[in-house]
Amino acid sequence: MKNSTFSVRAGFLGLFGLLLLAPLAASNAADVSDLGSPAESAQVYSQDYARLVDSALPRFNPDLLARRIALVRSKYPNGHDPLRLRKISDIEDLLGLPHSTTSGPDYVSTGTATYGISQTSGRVHYARNLEGKAPMDFAEAQQSQRELEARHLDLLAQVGIDRTQVHFASTGVMSLRTQSADMADDKAQLAADSVFTYALRAIDGLQVEGSQAKIASRGAGDVVGLSLRWPSVLLHPQLTSFRLKSTEQLKREALAEITRVANGAVVNVQMAVVLRPVKLEGRRVFVPSLKVGMLPREEAGAMFYVDLPLQQLAYEQGDVSDK
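Here the structure is a predicted model, which is why all the values come from computation and not from measurement.

Novice: Even after reading the chapter, I still don't get the pattern of salt bridges, so can you show me in this structure?
Specialist: Close approach of charged atoms allows side chains of opposite charge to pair. Under the definition given, this model contains 13 salt bridges. For Arg146, the salt bridge goes to Glu149, with nearest N and O atoms at 3.6 Å. A residue pair is termed a helical-turn pair when its members lie 3 or 4 positions apart in one helix, as Arg146 and Glu149 do in helix α7 (residues 145-158) at three residues. We classify Glu149 as buried; its relative accessible area is 18%.

Here it is in structure tokens:
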């Protein structure tokens, strides 16, 4: 069980909504929506933690979920690594950049952009230098969202991320607000830094924790930012039994940790089934887990994981390095 604490409510709300509630919006298939908390549970705040656990526990069928996890193992015994970006020149070809001959093999910095790649972690990043460039008109940016979302998803497909791997995608406008100290709020000027698409990853319908894609564009669709974390997904090699903990056992484990961390506070609880990365002998492997998040009415929230398999798996505590 791994704990993480957040101290800023606004940031926690964004992360909480995307990573925990995304399974509810990811698909119209009933068995996929059963992998996240029922929608009505998002409105329930209480000190009755047992009631919160009951209302937030996803309604998945343990036997069907076990078969789905076993299928991932049988389909990808050596891991699933679809990303086609392997070296700096692949990024340059994708984005139409001139090939660099002056920087290192995994990182380039020029006057116009910085970009890099780590094949080990499946991490790719690109950022154009926008200093001195005029922002987008806000209304124009809003109108272009759907078109740019399609372009962004097509770009992901070019690098090996087709739409079956996208668990949840959201496109929005990164706004810029100009307002002097003595200016009324309704007189503030709005512009758009960029239109961005944020996507979470799935493998055979299971959300992959920590894997995400972000693409930002300006104007007619020129990419000004790209961030990918899409490493190879290998289920924990010691996972040989796909029997899952009972509903009652999951409730007991979740309730014990919520009771300890919430410490009497009024909170909301949300849950989602994920494949989460853990560290085994220095490498990243994945364990089917129940992700549990708590959001109090005040400023602090927390999340933790409960392993789903009955089989006890050995792994190292601490975050997996993404370098």
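Okay, back to it.
Novice: Please explain the packing of helix α3 (residues 49-56) against helix α8 (residues 247-262) as it appears in this structure.
Specialist: Direction vectors running N to C along α3 and α8 enclose 130°, while the axes themselves pass 10 Å from each other. With respect to α8, the axis of α3 lies oblique. Remark: the crossing between α3 and α8 carries right-handed chirality. Residues Tyr49, Ala50, Val53 and Asp54 of α3 form the contact with α8, whose own contacting residues are Lys251, Leu255, Ile258, Thr259 and Ala262. Of the residues assigned to the contact of α3 with α8, the class counts are six nonpolar, one polar and two charged.

Novice: Mind showing me how you'd approach the environment of Glu92 here?
Specialist: Position of Glu92 among the secondary structure elements: in helix α5 (residues 88-95). Given the relative accessible area of 2%, Glu92 is considered buried. Once the C-alpha coordinates of Glu92 and Tyr115 are considered, the two residues, 23 residues apart in sequence, prove to be 9.1 Å apart.

Novice: Got a minute to help me understand α5 in this structure?
Specialist: Side chains three or four residues apart in an α-helix point the same way, a direct result of the helix having 3.6 residues per turn. Taking burial as the measure, the eight residues of α5 include seven buried ones, the bulk of the element. Those residues of α5 that sit buried are Ile88, Ser89, Asp90, Ile91, Glu92, Leu94 and Leu95. Turning to α5, the residues buried within the fold contact β2 (107-109), β3 (113-118), β4 (123-128), α7 and β9 (222-229). Downstream of α5 by a residue or two, Gly96 has a phi angle that is positive, lying close to 70°.

Novice: Could you clarify how one ought to interpret the pairing of strand β11 (residues 283-296) in this entry?
Specialist: Successive side chains on a regular strand alternate, one facing one side of the sheet and the next facing the other. With respect to burial, β11 is a largely interior element, 13 of its 14 residues being buried. Following strand β10 (residues 267-280), the chain reverses through two residues before pairing antiparallel with β11; Glu281 in that reversal takes a positive phi of roughly 55°. As defined by bridge partners, β11 adjoins strand β12 (residues 301-307) across six bridges and the pair is classed as antiparallel. Looking at β12, one finds that Leu290 is bridged to Val306.

Novice: Which parts of the structure should I look at to understand α8?
Specialist: For α8, with 16 residues, the first-to-last C-alpha span of 22 Å sits near the 22 Å given by 1.5 Å per residue. Buried within α8 we find Leu250, Ala254, Glu257, Ile258 and Ala262. Projected onto a plane normal to the axis of α8, the buried residues spread over an arc of 115° and lie on a single side. Along α8, the residues that are exposed and aim more than 90 degrees away from the buried face are Arg252 and Arg260. Of the residues trailing α8, Asn263 is marked for its positive phi of about 50°.

Novice: What is the right way to read unusual backbone geometry from this model?
Specialist: Backbone geometry follows two general trends: most residues other than glycine have a negative phi, and most peptide bonds adopt the trans configuration. Positive phi, close to 50°, is recorded for Asp204, a residue that is not glycine. Owing to a relative accessible area of 25%, Asp204 belongs among the partly exposed residues under this scheme. Its identity is not glycine, yet Glu281 carries a phi of approximately 55°, on the positive side. Secondary-structure assignment places Glu281 in the loop between β10 and β11.

Calculation criteria
Residues numbered from 1 in each chain as written. Predicted model: local features only at pLDDT ≥ 70, side-chain atom pairs only at ≥ 80, totals over all residues. Heavy atoms only, no water. Salt bridge = Lys/Arg side-chain N within 4 Å of Asp/Glu carboxyl O. Helix = DSSP H or I, 4+ residues; strand = E, 2+ residues; numbered from the N terminus. Buried < 20%, exposed > 50% of the residue type's maximum accessible area, 1.4 Å probe, protein only. Axes fitted to C-alpha atoms, helices over the stretch in contact; angles between N-to-C directions. Parallel < 35°, antiparallel > 145°, perpendicular 65-115°, else oblique. Left-handed = near helix turned anticlockwise from the far one by under 90°. Contact = heavy atoms within 4.5 Å. Nonpolar A, V, L, I, M, F, W, Y, C, P; charged D, E, K, R; others polar. Pairing = 2+ DSSP bridges. Expected span 1.5 Å × (residues − 1). Arc of directions from axis to C-beta.

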